[in-house]
Amino acid sequence: MSYFRENIDAMTPYVPGAQPKSGQKIIKLNTNENPYPPAPGAIEALRTFDPEGLRRYPDPMAQDFRQAVSDVLDVPADRIIPGNGSDDILVMISRACLEPGKKVVYTVPTFEFYGVQANIENATKVPLDCDPADSIELLAAEDADVTFIASPNSPTGVLTSTEVLNDLAGRLTGLLVIDEAYADFASENALELAAEHDNVAVLRTLSKGYSLAGLRMGFAIAPPTILEGLIKTKAIYNVDAIACAAATAAMADQDHKNANARKVIASREALGDQLAELGFTFPPSQANFLLVRPPTGNAREIYEGLKARGILVRYFQYQEILADKLRITIGDDEQNASLVAALKEIMA
Ligand SMILES: Cc1ncc(COP(=O)(O)O)c(C=O)c1O
């Protein structure tokens, strides 16, 4: 006997990367967190938060935060919707747009949560085994109700150019969701497409570039026609008052975020060189991680070897096409050096 819909019983849940207890001495390179602290203003906002703000409900649309995003991205505040992380926005989109008979298209490998959302809504999934950059024809021909493209993609790190996304948006009649969780580490982004196309939503998060994964704050930029539906499916008070205060301060300190992103990018290039010297191969990453294939493809063995040495990386054990690969988050210099030393030891 089950209380649930048949498709809920049948589906497999999203499996998040391991989160060791705080205080455990682990080098954590498995869930693409930022190795550097959040903006001082965000920490100050947490320290000085007025408890009166806990007694009352928060602003349901997080107006202060929206205004801070609007100021930074030069997008009207009423074209921004806040989310409890960008995964919350993915849930709103799926609730608003999907149902049995609706089609969801995405390329693989990508963020598995897209498929999970399609399963929850019992929509039809069409995962395409290709890179979006060379597959516009294919994606356009599917003309799904919702097409999800992560750019830079996870777990590959590969960016799809704005030119390609613009072309795709123009050819689709359905919704194009451009998930830019890693845009802060990339050479370009497709934000402008949310202003130029009626069918484009661009998603951002404070989890990666802003070092605030634990706070849970993300947002979408989209035309009014799309936001209207998302507001209807949003939980009433989806972002809390504390998160809103800290995220607003973090957003206002672009210098801090950009300086950290520059450090991560420099480390990504340096670590890439070192891993290439060890025989690892990987696609060019514009994110804060590398999807590497060890020289003999023994990803699981290396994952276990690193884990035994207190270093966590991501091994996607349930995905066949990723069985010989590891996704490694870029850490700080010391963490990256420990990683390389451990890899040399394991491979010796
Ligand atoms: C491509 C992509 N999109 C969205 C998310 C969700 O991020 P958050 O909910 O922390 O904003 C992630 C998380 O790792 C991701 O990799």
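This structure is a prediction, so every number in the text was calculated from the model and none was measured.

Trainee: Quick rundown of the overall build of the chain? Include the residues and the values.
Mentor: When helices and strands are counted, the chain shows 14 helices and 11 strands. The C-alpha atoms of the chain give 20 Å as radius of gyration, which agrees with the globular expectation for 348 residues (20 Å, within 12%). For the C-alpha atoms alone, the extent of the chain along its principal axes is close to 55 × 50 × 50 Å. Per-residue burial for the chain yields a buried fraction of 46% across its 348 residues. Long-range pairs, those at least 24 residues apart, make up 72% of the contacts in the chain with a sequence separation of at least 6.

Trainee: Explain the domain arrangement of the chain residue by residue, including any values.
Mentor: Once the domains are mapped, the chain shows domain 1 (6–37 + 255–347) and domain 2 (55–253). Taking only C-alpha atoms into account, the centre of domain 1 sits 24 Å from that of domain 2. When contributions to the side of domain 1 that touches domain 2 are tallied by element, the ones reaching two or more residues are helix H1 (6–10), helix H12 (254–277) and strand E9 (289–292). At 7 residues, the largest contribution of residues to the side of domain 1 that touches domain 2 is made by H12. When grouped by side-chain class, the residues that make up the side of domain 1 that touches domain 2 number 18 nonpolar, 9 polar and 4 charged.

Trainee: Which residues make up the site of the ligand, and what values do they have?
Mentor: As a structural note, the neighbourhood of the ligand is formed by 13 residues, with Gly85, Ser86, Asp87, Thr205 and Ser207 the closest of them. Along the lines of polarity and charge, the residues of the shell around the ligand split into 4 nonpolar, 7 polar and 2 charged.

Trainee: I'd love a proper account of the pairing of strand E7 (residues 200–205), names of residues and values included.
Mentor: Burial runs high along E7: 6 of the 6 residues are buried. Taking every second residue as pointing to the same face, both faces of E7 are buried, with Val200, Val202 and Arg204 on one and Ala201, Leu203 and Thr205 on the other. Judged from the 4 bridges that link them, strand E6 (residues 175–179) and E7 form a sheet pairing that is parallel. Across the sheet, the residue bridging to isoleucine 178 is valine 202, located in E7. When E7 meets strand E8 (residues 218–221), the two strands line up antiparallel, connected through 4 bridges.

Trainee: How would you summarise the sheet that holds E7 if you had to cite specific residues and measurements?
Mentor: Spatial strand order, E2-E8-E7-E6-E5-E3-E4: 7 strands in an open sheet with mixed pairing. The sheet is open, and its two borders are formed by strand E2 (80–83) and strand E4 (124–128), each paired with just one other strand. Pairwise comparison of adjacent strand axes, ignoring direction, gives a mean angle of 20° for this sheet. With 5 bridges connecting them, strand E3 (residues 103–107) and E4 associate as parallel partners. Bridge pairing in E4 links valine 105 to valine 126. In the packing of helix H4 (residues 63–73) onto the sheet, the strands contacted are E2 and E8, and the crossing angle to E2 comes to about 125°. Where helix H10 (residues 224–233) meets the sheet, it contacts E2, E6, E7 and E8, and its direction lies at approximately 30° from that of E2.

Trainee: Explain the environment of asparagine 153 to me, using residue names and the numbers behind them.
Mentor: Looking at where asparagine 153 falls in the secondary structure, it is placed in the loop between strand E5 (146–150) and helix H8 (162–171). Not counting residues within four places of it along the chain, the set of residues in contact with asparagine 153 comprises Thr110 and Val158.

Trainee: Quick one: what's the story with the packing of helix H5 (residues 86–97) against H10, residue by residue and with numbers?
Mentor: Any two packed helices are characterised by the angle at which their axes cross and by the distance between the axes. Where H5 contacts H10, the axes come no closer than 8 Å and their chain directions differ by 100°. For the element pair H5 / H10, the angle class is roughly perpendicular. Along the contact surface, H5 presents Met92, Ile93, Arg95 and Ala96, while H10 presents Gly229, Leu230, Lys232 and Thr233. Split by residue class, the contact of H5 with H10 holds 4 nonpolar, 2 polar and 2 charged.

Trainee: Which residues make up the nonpolar core, and what values go with them?
Mentor: With 99 residues, the main nonpolar core has Ile178, Ala201, Val202, Ala220, Ala246, Ala247 and Ala250 as its most contacted residues. Looking at which element gives the most residues to this core, the answer is helix H11 (residues 241–252), with 9 residues. Split by domain, this core shows at least three residues from each of two domains, domain 1 (6–37 + 255–347) and domain 2 (55–253). In contact with alanine 250, other than residues within four places in its own chain, are Pro38, Ala39, Gly41, Ala42, Leu206, Tyr210 and Leu212.

Trainee: Kindly report on unusual backbone geometry, identifying the contributing residues and their values.
Mentor: The omega torsion of the bond from valine 108 to proline 109 falls at 0°, within 30 degrees of zero and hence cis. Note the cis peptide between serine 151 and proline 152, where omega equals -10°. By secondary structure assignment, the location of proline 152 is in the loop between E5 and H8. If you check the backbone angles, arginine 216 has positive phi at about 70° while not being a glycine. By secondary structure assignment, the location of arginine 216 is in the loop between E7 and E8.

Thresholds applied
- Residues numbered from 1 in each chain as written.
- Predicted model: local features only at pLDDT ≥ 70, side-chain atom pairs only at ≥ 80, totals over all residues.
- Helix = DSSP H or I, 4+ residues; strand = E, 2+ residues; numbered from the N terminus.
- Rg over C-alpha atoms; globule rule 2.2 N^0.38 Å.
- Buried ≥ 20, exposed ≤ 12 C-beta atoms within 10 Å, placed from the backbone.
- Contact = placed C-beta atoms within 7 Å.
- Domains from an automatic or database assignment.
- Nonpolar A, V, L, I, M, F, W, Y, C, P; charged D, E, K, R; others polar.
- Near = placed C-beta within 6 Å.
- Pairing = 2+ DSSP bridges.
- Axes fitted to C-alpha atoms, helices over the stretch in contact; angles between N-to-C directions.
- Parallel < 35°, antiparallel > 145°, perpendicular 65-115°, else oblique.
- Core = buried A, V, L, I, M, F, W, Y, C linked by C-beta atoms within 7 Å.

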